[in-house]
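Spelled out from the first residue to the last, the chains are:
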Amino acid sequence: MLLEQIINGITLGSIYAIIALGFTLVFGVLGIINMAHGEIFMVGAFVGVTATGILGWPLWLAFIAAIVVTSILGYLLERFTLRPLRGKKGVSHLAPLISTIGVSILLENLSHHIFGAGNKPFNTSFSQISITIGSITIYLVQIVIFIISILLMIGLTIWLSKTKAGKALRATADNLETASILGVDTKKIIILTVVVASAIGGIAGILVGMAFNSVSPQMGLSMGLKGLAIIILGGMGNVKGAMVGGLILGLSETMLVAYGDSGYRDAIAFIMIIVILLLRPQGIFGSKVSQERR
Amino acid sequence: MRGLNKKLFSILSIIMLLLLAACGGGNTTTDSNSNKSEDGVISAKFGVIAYLTGAGAAYGEAITNGLKLAQKDINALGEVNIELVIEDSAGKADQALNAAQKIMSDDSITAIIGPTLSTEFFAVAPEVDLNGIPIMGTSTTVDGIPEIGDYVFRNAVPESLAIPAAIKKAVERTGAKKVAMIYGNDDALTKGGFDVMERTAKEMGLEITTIETYQEGQSDYNAQLTKIKNTNPDLILASALYNEGAVIMDQARKMGINIPFVGGNGFNSPQAIAIAGDAANGLIVATPYFGDSTDPKITKFNEDYEAEFGKKPDQFAAQAYDALFIYADALKRAGSADKEAFKEALAATKDLEGILGKFSFDEVGDVIMDVTVLEIKDGKFIEFE
């Protein structure tokens, strides 16, 4: 029982972590909370449903399709809702937040119109493959989700710390104006960030579809809010924090259902955040120095 | 030349206006006092409040589709002429109340159908009752709905009728002694269904191994199901809407839980099979509507519905369809679109033949009719033996 619940918790936590990675990347560079991230994740899941269920494509092609579509969405999001607001005089720092909320509502209603209300099944033979040890059944999907989340975390860390683009990205995150004076093409870096974050969201969408076999236009909202909670928990803009925060949240939610009352499942996430923020206001991995990002 | 054009234009517009007025006259007059036109057709306007956007929009869609089909069929008969004013409640009590207020502000409205969820209905019905407007729920199955007031009715089969019938039959056949329960704790329908299930299980002396909850729109039920699996029940009582219920069954079957599920009204839909596929096998529900029935009234309804909307109807569509026929019948007997006369006629509805069978109201305005217990086997609803 305990082992099964731990596996459930790690699966859920890994998914939370992948979603939180997308949030944290955009926040780290732009200082913007991208409220449309949850809906981009939802679109990724629907692309997966369409590709595997309706078009009958193999899974790897569905992954590529989801990444391509969500990357394009990410580009459009940056081009039409974030860039026009950046660096303009008199624009409130809350404006990008509101415009991303607008995008999220648009995407939710659009997919409602296209795909209809209600859950759509995600049919792939891949999600049926399982290993049974004693009374415990582990699905290959669960292992894949965990591995992908770890790979994404390691990949992002290396990319940010070792590559030129990553260094440029961190420079931009540190101070946009200085980076641009020093010859960093900040416009390109910002586009790159939003596109990569969106693509990660798309991957998360397909993984959720495979793991839980339920895709609906409303799935973006609750997952998005959890992702947001995790980056506050883990430390804003911190990759390791997103990963650890995601796993903590996933595991504690699962354990609460297993040994407590399932009615309080969602409440625990937010109670825990309040407690952690009281003890460590900057989040688990957050830095003490608050940076002024504009 | 310009002046001439202008004159011509204004003359033309007057002619057009006259033409339009001539077309409009005769059949539909909105004034409730002169609602009987010369040819003896009684016209009435009914307000509809349905859950059309949001997580449960599929229910509102089925209901409004059922109503639209009924409207077409009723108006084609030529005895009464019904107009529907449809408002969205988005599944939220406050929005449902806003929609109701909008509808009530129109004096020519005779009666209201909806809202979709019992939660919404409890917010709306007292207000509507106070204004002396008849209101009927077609999908509101929680206990205590018709008791709200004299003007409040329903044709939805209450959970307290459907669920015990399903549980009794399931226990009879499987000989189950231990049951596990799971329900959505943020909706009046699933919560109400759970209360009935718990009561029935206790009355029947069944051992309840565990009670688990979830919230609407959740996608991961593995934690709850693992816990249920480890308590080794013989039967799972799931008070869930089909959207969540089907996903729960899918995840349960994957986990190796192969015992039957008993569901409430909200779980009974062909959509459950569409979502869960083979995993839906073993679901037991009681329902007034059996989609695969060979009854000619139901097969005709199914064909018409599928031709019109491109998908199979469910119980919500069928109940909405019957509801408008109940209204039309009351309207006919009332002889006018007057709210008071309509309410009296509605309350007197007795043994009306709908597609779901004979229908009557009891003294408080609750439904009296027979239910059938169904199970899903080999991807199809069949009668439970």
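Residues numbered from 1 in each chain as written. Chains lettered and ligands numbered in written order. Predicted model: local features only at pLDDT ≥ 70, side-chain atom pairs only at ≥ 80, totals over all residues.

Trainee: So what about the domain arrangement of chain B? Which residues, and what values?
Mentor: Residue and element names in this part refer to chain B. Each assigned domain of chain B is listed with its residue range as follows: domain 1 (41–157 + 295–368) and domain 2 (160–287). The C-alpha centroid of domain 2 is placed 28 Å from the C-alpha centroid of domain 1. Taken together, the contact between domain 1 and domain 2 spans 14 residues of the former and 17 residues of the latter. Of the residues belonging to the side of domain 1 that touches domain 2, the class tally is six nonpolar, five polar and three charged. (Domains from an automatic or database assignment. Contact = placed C-beta atoms within 7 Å. Nonpolar A, V, L, I, M, F, W, Y, C, P; charged D, E, K, R; others polar.)

Trainee: Quick one: what's the story with the UniProt feature "domain: Leucine-binding protein" (unreviewed entry) in chain B, residue by residue and with numbers?
Mentor: Mapped onto the present numbering, the UniProt feature "domain: Leucine-binding protein" (unreviewed entry) falls at residues 45–379 of chain B. Note that residues 45–379 of chain B is 45% helix and 21% strand, and that its end C-alpha atoms are spaced 41 Å apart. (UniProt positions renumbered as here; feature names shortened; annotations may be inferred. Helix = DSSP H or I, 4+ residues; strand = E, 2+ residues; numbered from the N terminus.)

Trainee: Pulling in residues and values, what's your account of the UniProt feature "transmembrane region" (unreviewed entry) in chain A?
Mentor: All names here are of chain A. Feature annotation in UniProt places "transmembrane region" (unreviewed entry) on residues 6–33, 63–82, 94–116, 136–160, 189–212 and 267–285, given in this structure's numbering. Secondary structure content for residues 63–82 is 100% helix and 0% strand, while the C-alpha to C-alpha distance between its ends is 27 Å. The straight-line gap between the two end C-alpha atoms of residues 136–160 is 38 Å; of that span, 84% is helix and 16% is strand.

Trainee: Give a detailed account of the packing of helix α5 (residues 140–162) of chain A against helix α8 (residues 186–212) of chain A, specifying residues and quantitative values.
Mentor: All names here are of chain A. Closest axis-to-axis distance for the α5/α8 pair is 10 Å, and the angle between their directions is 165°. With respect to α8, the element α5 is oriented roughly antiparallel. Between α5 and α8 lies a crossing of left-handed hand. Contact residues: α5 offers Val141, Gln142, Ile145, Ile148 and Leu152, while α8 offers Ile200, Ile203, Leu207, Met210 and Ala211. In the contact of α5 with α8, the residues fall into nine nonpolar, one polar and no charged. (Axes fitted to C-alpha atoms, helices over the stretch in contact; angles between N-to-C directions. Parallel < 35°, antiparallel > 145°, perpendicular 65-115°, else oblique. Left-handed = near helix turned anticlockwise from the far one by under 90°.)

Trainee: Which residues make up the nonpolar core, and what values go with them?
Mentor: Residue and element names in this part refer to chain A. With 213 residues, the main nonpolar core has Leu21 and Leu207 as its most contacted residues. If one sorts the elements of this core by residue count, α8 sits on top with 17 residues. Aside from chain neighbours lying at most four places away, what touches leucine 21 is Leu152, Met153, Leu156, Ile200, Val239 and Ala242. (Core = buried A, V, L, I, M, F, W, Y, C linked by C-beta atoms within 7 Å. Buried ≥ 20, exposed ≤ 12 C-beta atoms within 10 Å, placed from the backbone.)

Trainee: Give me the lowdown on the sheet that holds strand β7 (residues 207–214) of chain B, citing residues and values where you can.
Mentor: All names here are of chain B. Pairing is mixed across the open sheet formed by seven strands, whose spatial order is β7-β6-β8-β9-β10-β14-β15. Whereas interior strands pair on both sides, the edge strands pair on one side only; in this sheet they are β7 and β15 (380–383). Averaged over all neighbouring strand pairs, the angle between strand axes comes to 25°, with direction disregarded. Here two bridges tie strand β9 (residues 261–263) to strand β10 (residues 283–287), and the two strands are oriented parallel to one another. Its bridge partner lying in β10, phenylalanine 261 is registered against leucine 283. Taken strand by strand, helix α6 (residues 188–203) contacts β6 (178–184), β7 and β8 (235–239), and its axis lies near 165° from that of β6. (Pairing = 2+ DSSP bridges.)

Trainee: Would you mind going over the interface of chain B and chain A in detail, with residue names and values included?
Mentor: At the junction of the two partners, chain B supplies 28 residues and chain A supplies 25 residues. Looking at the side of chain B that touches chain A, the elements that each hand over two or more residues are α2 (57–77), β7, α7 (222–230), α8 (242–255) and α9 (270–276) of chain B. Here the side of chain B that touches chain A is composed, by residue class, of nine nonpolar, 14 polar and five charged.

Trainee: Tell me what's going on with the environment of glycine 87 of chain A, and back it up with residues and numbers.
Mentor: Its location among the elements puts glycine 87 of chain A in the loop between α3 (59–82) and α4 (95–115). Sequence separation between glycine 87 of chain A and phenylalanine 126 of chain A is 39 residues; the distance between their C-alpha atoms is 47 Å.

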